[in-house]
Amino acid sequence: MRISAIFPSTLIARFRAQWNRIRPLLGSRLGLVVLLAVVSIVGGLAEAGVLIFVADVAAALVLEGARNSRGATVLPHHMSLGSALVVSLLLAFVRLLLQLVVAWLPARLSVDVQAQLRKKLFTAYTRASWSIQADETEGHLQELMTGQIHQATTGVLSLANALSAGAMFATLVASALSLDAPVAGMVLLSSIVLFGVLRPLDRLGGAAARTASQAGMDHAAGVSEAVRLSEETQVFGVGAAQRTRVEVLIDAARRASFRAQFIARIVQTVYQSLVIVLIVAGLSLLYLLRSTDLAELGAVVLILVRAAAYGQQFQGANHLLIQTLPYIERLHDAIERYVRSAPADSGNPLPSFRTLAFQGVTFSYSRDRFALHDITFEITAGETIGIIGPTGAGKSTLSQLLLRLRDPVSGNILLNDRPLHNFSRTEWQQHVAYVPQEPRVFQGTIADNIRFFRDLTTESIHEAARLSNVHEDIMSLPLRYATVIGQRADAVSGGQRQRICLARALAGQPQVLLLDEPTSSLDVISEAAILSSLASLHGKVTMFIVAHRIPLLTIADRILVINSGTIEAFGPPSVLQRTNPFYDRMIATTNTAS
């Protein structure tokens, strides 16, 4: 082993590097860390005092056998045995109070950091670009918010414990040095050597923790996918295969976690055993080199035994801190990635909508393939535009560009002949609404689902429900708008959920409304209700309707046909029926089905 591996300056540099990686988690709570260090030092002094007085009193009782007599001690000669007992009790009480503070500070620090980190991570995620959010695997954010943050918080707690134990250790060793410098010095030097000896185990623990962190992310993704596919799993009878798949992920996480925990326990066990050996060796040296009085010997033994315990705590906490660093780094990377991707929210106030145009717009998810290429068209306010095309033609990408979820690679989207990116994204979000193909509701009341975290009045919620032809259905429920629904709840039907989502879009009184196959999974009656709602909005709201079925296109003023990422045709339905084969096939298929 290289000498530099155990040299104190190297250890200090190593601890400084660890501190720099965990420091951002502390935020404004650095004062608690400083207070913890101060209280720990004072507590160490109080404990050393207690041990010295206890050793002195014990020596006096053994040597003299009389209550008030004094033998060779390390205390001031003017202090009586009774006074020493009183001082010992006072110091013990002071130490108890300080230990309560030492127990409170790390607990407060860890829970504060956990809450702060969760808020910071979720805020960064919600502000991130859609492209980043869309690329996340299932369960990724959930695992970051739970397992990864839990481990990071453990790192903060380990830092606090290491700081407290280290301060106690240093204080007790300093006290022992004042009593017997050779023995205490040997124990101190040996402890530093031990930190270097155990450094390879620290590196192994860090590597095991990185593996465990990734295994946790993979496990969370697998479980989330299993939950999402639970209905299909039941229908296809593949529960056994699904369980096997998840069990493989569970076993991988178990093995990684076991390795990390086993290494951590080895570190503590080895350190504890070697320190005891060193203390025995030190006492043997003290016995061989010179004689000492009983009080001094007892004080040194007690102090070094307690110092060894704190040294073990420090080593264990430091090792655990090292094992949590991969989790902290993963969180830092995730937050930085979210923050870097956050779209700018500056721009001019949004004007009243007159025209919207795509001018040579191109978009690509990869360098070797365009999702959209040279898209050019223009619409006016109040128009209803149908968007059709085969699967994979680029309809979803076009919708995301309209919603400003993504930005073109080249070309411009113009609002009133001015680039759309010149206008406030937040105001655009307030004036553009979206109804997805799959109606997504959350666990809450119908009113809350229509309101969708916005500051909307009850009147606007009810009016939106009337426009979407779901108000009467809601009023027929026992709790009406206070009825609790959820993605898996059966309080409302699929068609009612779809109309609730339409009401959600209409409640904000948007200028532009984009609907993605809003009737694809509805029965004839529910589809008719949606069509009636959309017909009532014709001319009042600019609508884009992505459709694979002709009934939705009956209210369209013009239809945009996309094929292979380019515009194949754009015009009134009557013209496309004569000139566009794809639209003509849609009509023929509808007539055949009916």
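Just so we're clear, the structure is a prediction, and the values are computed from it rather than from any experiment.

A closer look at the overall build of the chain
Here comes step 1: Assigned secondary structure in the chain consists of 19 helices and 12 strands.
Here comes step 2: Across the 594 residues in the chain, those meeting the buried criterion constitute 47%.
Here comes step 3: For the chain, the proportion of contacts with a sequence separation of at least 24, taken over those separated by at least 6, is 77%.

Here we look at the confidence of the model for the chain
Here comes step 1: Averaged over all residues, the pLDDT of the chain equals 81, while 82% of them reach at least 70.
Here comes step 2: Contacts from residues 1-7, a stretch scored under 50 in pLDDT, to residues over four places away or in other chains number 12 contacts.
Here comes step 3: For residues 65-72, every residue scores under 50 in pLDDT, and the model assigns this stretch 19 contacts once sequence neighbours within four places are set aside.

Let's talk about the environment of serine 129
Here comes step 1: Within the secondary structure layout, serine 129 lies in the loop between helix H3 (81-127) and helix H4 (130-135).
Here comes step 2: A relative accessible area of 12% means that serine 129 is categorised as buried.
Here comes step 3: Sequence-wise, serine 129 and arginine 337 are 208 residues apart; in three dimensions their C-alpha atoms are separated by 9.9 Å.
Here comes step 4: Those residues in contact with serine 129, other than ones at most four positions away along the chain, are Ser341, Ala342 and Pro343.

As for the sheet that holds strand S12 (residues 566-571)
Here comes step 1: The strand order across the open sheet formed by six strands is S6-S9-S10-S3-S11-S12, and the pairing between neighbours is mixed. Only two strands of the sheet have a single partner each, and these edge strands are strand S6 (432-435) and S12. Between one strand axis and the next, the sheet turns through 15 degrees on average, direction left out of account.
Here comes step 2: As judged from the five bridges shared by strand S9 (residues 512-516) and strand S10 (residues 542-546), these two strands associate in the parallel manner. The residue bridging leucine 514 from the neighbouring strand is phenylalanine 544, located in S10.
Here comes step 3: Taken strand by strand, helix H16 (residues 494-507) contacts S6 and S9, and its axis lies near 175 degrees from that of S6.

Focus on empty space enclosed by the protein
Here comes step 1: All told, the structure shown has two cavities of 30 Å³ or more when counted by the stated rule.
Here comes step 2: Each pocket or cavity is described by its volume, and for the largest cavity that value is around 60 Å³.
Here comes step 3: For the largest cavity, the full set of lining residues is Pro24, Leu25, Val113, Gln116, Leu117, Lys120, His332 and Ile335.
Here comes step 4: Listing elements by their share of the lining of the largest cavity, those giving two or more residues are helix H1 (8-26), H3 and helix H10 (294-341).

What to know about the pattern of salt bridges
Here comes step 1: In total, this model carries 12 salt bridges according to the counting rule given.
Here comes step 2: For arginine 108, the salt bridge is made with aspartate 112, and the minimal N-O distance between the two is 2.7 Å. Taken together, the residues span about one helical turn, with arginine 108 and aspartate 112 both in helix H3 at a distance of four residues.
Here comes step 3: A residue is classified by how much of its surface remains accessible, and arginine 108, at 38% relative accessible area, is partly exposed.

Focus: the side chain of glutamate 517
Here comes step 1: With respect to the element layout, glutamate 517 can be found in the loop between S9 and helix H17 (524-537).
Here comes step 2: One buried charged side chain, glutamate 517, makes no salt bridge at all; its nearest oppositely charged neighbour is arginine 549, positioned 6.1 Å away.
Here comes step 3: In contact with glutamate 517, not counting residues within four places along its chain, are Gln437, Val546, Ala547, His548 and Arg549.

Some words on the sheet that holds strand S4 (residues 410-415)
Here comes step 1: One open sheet accounts for four strands, arranged S2-S1-S4-S5; its pairing is antiparallel. The outermost strands of the open sheet, each flanked by one partner alone, are strand S2 (369-380) and strand S5 (418-419).
Here comes step 2: Alignment of strand S1 (residues 355-366) against S4, held across five bridges, turns out to be antiparallel. The residue bridging alanine 357 from the neighbouring strand is leucine 414, located in S4.
Here comes step 3: Relative to the sheet, helix H11 (residues 395-402) contacts S1, S2 and S4, its axis offset from that of S1 by approximately 120 degrees.

Criteria and cut-off values
- Residues numbered from 1 in each chain as written.
- Predicted model: local features only at pLDDT ≥ 70, side-chain atom pairs only at ≥ 80, totals over all residues.
- Heavy atoms only, no water.
- Helix = DSSP H or I, 4+ residues; strand = E, 2+ residues; numbered from the N terminus.
- Buried < 20%, exposed > 50% of the residue type's maximum accessible area, 1.4 Å probe, protein only.
- Contact = heavy atoms within 4.5 Å.
- pLDDT = per-residue confidence, 0-100.
- Pairing = 2+ DSSP bridges.
- Axes fitted to C-alpha atoms, helices over the stretch in contact; angles between N-to-C directions.
- 1 Å grid on protein atoms, 1.4 Å probe; cavity = no way out; pocket = protein on both sides within 12 Å on 5 of 7 lines; lining within 4 Å.
- Points joined across faces, edges and corners; volume = space filled by probe spheres on them.
- Salt bridge = Lys/Arg side-chain N within 4 Å of Asp/Glu carboxyl O.
- Lys, Arg positive; Asp, Glu negative; His and termini not counted.

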